[in-house]
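# A closer look at the structure
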Amino acid sequence: SFLPFWINAFTPIQFSTTVRCVRLLRILRFDRYTNAFSSFDDVLRDSADILAMTGFTALVLWVFFSVLLYFSERDNHDEEVASYYRTIPHAMWVTLLNLAGESPLSNYTVVGKVATGIIGLFASGLFGIPIGV
């Protein structure tokens, strides 16, 4: 336990950061006593198909709602909102925030407001499925 201190004291900063990250792997030794990581791994293996399907559905909905908001908000009168929807990849960032439950923008058009409401409904379902696993 004293060796990482001396390695950090006499090596460059980049190497000491790597050593600190490797030291975090020591937490995996607790599995000998609690089996927490083994239980988590078993649950992930048993639910892999559900989680993979949920991830794929989330990806498809993310792209779909990004395109929908791109077409509805690219000509928005508010220049700040329109700047977030210049291209579909730019729209994907804000749509991801909307899917996560945070709506950073408020001056949407009517179609955009309806779309963000529907995004909220779908996001509740997408986050509810993995929580139930």
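Residues numbered from 1 in each chain as written. Predicted model: local features only at pLDDT ≥ 70, side-chain atom pairs only at ≥ 80, totals over all residues. Heavy atoms only, no water.

## As for the side chain of Asn98
Heads up, the rule is: For helices the rule is a DSSP run of H or I covering at least 4 residues; for strands it is a run of E covering at least 2, with both sets numbered from the N terminus onward. Per-residue accessibility, obtained with a 1.4 Å probe over protein chains only, is compared with the maximum for each type, and a residue is labelled buried under 20%, exposed over 50%, and partly exposed between these values. What makes two residues a contact is simply this: any of their non-hydrogen atoms within 4.5 Å.
Tracing the sequence through the fold places Asn98 in helix H7 (residues 88-99). Residue Asn98 is classed as buried on the basis of its relative accessible area, which comes to 4%. Look past the residues within four positions of Asn98 in its chain and what remains in contact with it is Leu69, Tyr85, Ser103, Pro104, Tyr108, Thr116 and Ile119.

## Examining the packing of helix H4 (residues 36-46) against helix H5 (residues 48-73)
If you want to describe how two helices pack, look at the angle between their axes and the distance between the axes. Counted only if it meets this: Every angle, taken between N-to-C directions, lies between 0 and 180 degrees, and every axis is a line fitted to C-alpha atoms, over only the stretch in contact when it is a helix. Each angle receives one of four descriptions, namely roughly parallel if under 35 degrees, roughly antiparallel if over 145, roughly perpendicular if within 65 to 115, and oblique otherwise. Charged means Asp, Glu, Lys or Arg here, nonpolar means Ala, Val, Leu, Ile, Met, Phe, Trp, Tyr, Cys or Pro, and polar covers whatever is left, Gly included.
Taken N-terminus to C-terminus, the directions of H4 and H5 make an angle of 65°; their axes are 4 Å apart at the nearest point. By the criterion of interaxial angle, the relationship of H4 to H5 is roughly perpendicular. Two secondary-structure elements touch here, H4 through Leu44, Arg45 and Asp46 and H5 through Ala48, Asp49 and Leu51. Per-class residue counts for the contact of H4 with H5 are three nonpolar, no polar and three charged.

## Some points on a positive patch on the surface
The line we're drawing: Note on patches: the residues involved have over 30% relative accessible area and no salt bridge, like charges join within 9 Å, and the nonpolar side chains Val, Leu, Ile, Met, Phe, Trp and Tyr join within 5 Å. Reported accessibility uses the Shrake-Rupley method at a 1.4 Å probe radius. Residues are deemed covered only where the shown protein chains occlude them. The term salt bridge refers to a side-chain nitrogen of Lys or Arg lying within 4 Å of a carboxyl oxygen of Asp or Glu. Only four residue types enter the tally: Lys and Arg on the positive side, Asp and Glu on the negative side; His and the chain ends are excluded. Working definition for charges: the position is that of NZ of Lys, CZ of Arg, CG of Asp or CD of Glu.
Side chains of Arg20, Arg23, Arg26, Arg29 and Arg32 sit close together on the surface and give a patch of like positive charge. Looking at the secondary structure, you find Arg32 in helix H3 (residues 31-34). What makes Arg32 exposed here is its relative accessible area of 60%.

## Thoughts on the layout of surface pockets
To find leftover empty space, a probe the size of one water molecule is rolled over the atoms. For the record, the criterion: The definitions used throughout rest on a 1 Å grid laid over the protein atoms alone, on which a cavity is an enclosed set of points accommodating a 1.4 Å probe that cannot get out and a pocket is an open set flanked by protein within 12 Å on both sides along at least five of seven lines; lining residues are those having an atom within 4 Å of a point. Grid points are joined across faces, edges and corners, and a volume is the space filled by probe spheres set on the points.
When its volume is computed, the largest pocket comes out at roughly 220 Å³. If you go around the largest pocket, you meet 13 residues; those closest to its centre are Thr54, Ala58, Leu99, Leu126 and Phe127. Secondary structure elements with two or more residues in the lining of the largest pocket: H5, H7 and helix H8 (110-132). The leading source of residues in the lining of the largest pocket is H5, at six residues. Residues that form the lining of the largest pocket fall into these classes: 11 nonpolar, two polar and no charged.

## Focus: the environment of Val114
You can see Val114 is positioned in helix H8. Sequence spacing of Val114 and Leu61 is 53 residues, and the spatial spacing of their C-alpha atoms is 15 Å.

## Looking at the packing of aromatic side chains
Let me state the cut-off plainly: By convention, a stacked pair of Phe, Tyr or Trp rings (six-membered ring in the case of Trp) has centres within 6.5 Å and planes under 30 degrees apart, an edge-to-face pair has planes over 60 apart, and any other such pair is tilted.
In total, this model carries four aromatic pairs according to the counting rule given. Chaining the aromatic ring pairs together yields one cluster made of Phe64, Phe65 and Phe122.

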